[in-house]
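As a plain string of letters, each chain reads:
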Amino acid sequence: MRPQLSADGIAVRLPLAEQVDPLLDELALAYAQDPKAVGRLLAAHAASVVALDFAMCSDDATEHGRAMRAAQADATREALLDDCPAAVALDPLLDPDDAITLATRITKAAAHIRHRTAQNRNARP
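Here we summarise the structure given alongside this text. (Residues numbered from 1 in each chain as written. Predicted model: local features only at pLDDT ≥ 70, side-chain atom pairs only at ≥ 80, totals over all residues. Heavy atoms only, no water.)

Its location among the elements puts Ala55 in helix H2 (residues 35-57). On the basis of relative accessible area, Ala55 is assigned to the buried category, the value being 5%. Taking C-alpha positions, Ala55 is 9.5 Å from Met68, a pair spaced 13 residues apart along the chain. Setting aside anything within four residues of it in sequence, one finds Ala55 in contact with Ala61, Arg66 and Arg69. (Helix = DSSP H or I, 4+ residues; strand = E, 2+ residues; numbered from the N terminus. Buried < 20%, exposed > 50% of the residue type's maximum accessible area, 1.4 Å probe, protein only. Contact = heavy atoms within 4.5 Å.)

Looking at the element boundaries, Pro3 is found in the segment before strand E1 (4-5). Of the residues examined, Pro3 reaches a relative accessible area of 15% and is grouped as buried. Spatially, the C-alpha atoms of Pro3 and Thr107 are 9.5 Å apart, while their sequence positions differ by 104 residues. Not counting residues within four places of it along the chain, the set of residues in contact with Pro3 comprises Val12, Arg13, Leu14, Pro15, Leu102, Arg105 and Ile106.

So, on to the pattern of salt bridges. Inspection of every chain in the model, using the stated rule, returns 2 salt bridges. Put simply, Glu63 and Arg66 hold a salt bridge, and the shortest N to O gap is 2.9 Å. One end of the pair is Glu63 and the other is Arg66, both in helix H3 (residues 63-81) and 3 residues apart, which spans about a single turn. The class for Glu63 is exposed, based on a relative accessible area of 60%. When its relative accessible area of 16% is taken as the criterion, Arg66 is described as buried. Between Arg77 and Asp74 there is a salt bridge whose closest N-O contact spans 2.8 Å. Residue Arg77 and its partner Asp74 are both found in helix H3; the two are separated by 3 residues, about one turn of the helix. Under the relative-accessibility criterion, Arg77 is labelled partly exposed at 35%. (Salt bridge = Lys/Arg side-chain N within 4 Å of Asp/Glu carboxyl O.)

The next subject is the environment of Leu23. Mapped onto the elements of the fold, Leu23 is located in helix H1 (residues 17-33). Placed 62 residues apart in sequence, Leu23 and Pro85 show a C-alpha to C-alpha distance of 7.8 Å.

Written out as structure tokens, the structure reads:
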């Protein structure tokens, strides 16, 4: 994972699309092999996501209700991901050296933004 500056240069971007692409490919292949089963899983997950969204936005929902909806969404998501080996790439484990390297790259990019932003604020027309 290589941190990058956003196109407008005001944020650090962690490009995850290249990790998501294989997952979407596997999901499409699974759907092509068994559209009814995968379709049912997708519909169940969609219902769980809608219920969670409603619970998160509802003033009447309890914390317990929100937690239950979140658990249901997690369960249906996990059911979809069970047959996708690429899902492992979405949650990479970094050894200490890789974690320090990533943190250093993010820090450098953020420092560049802060430095440039400070220059723009100090520039007088």
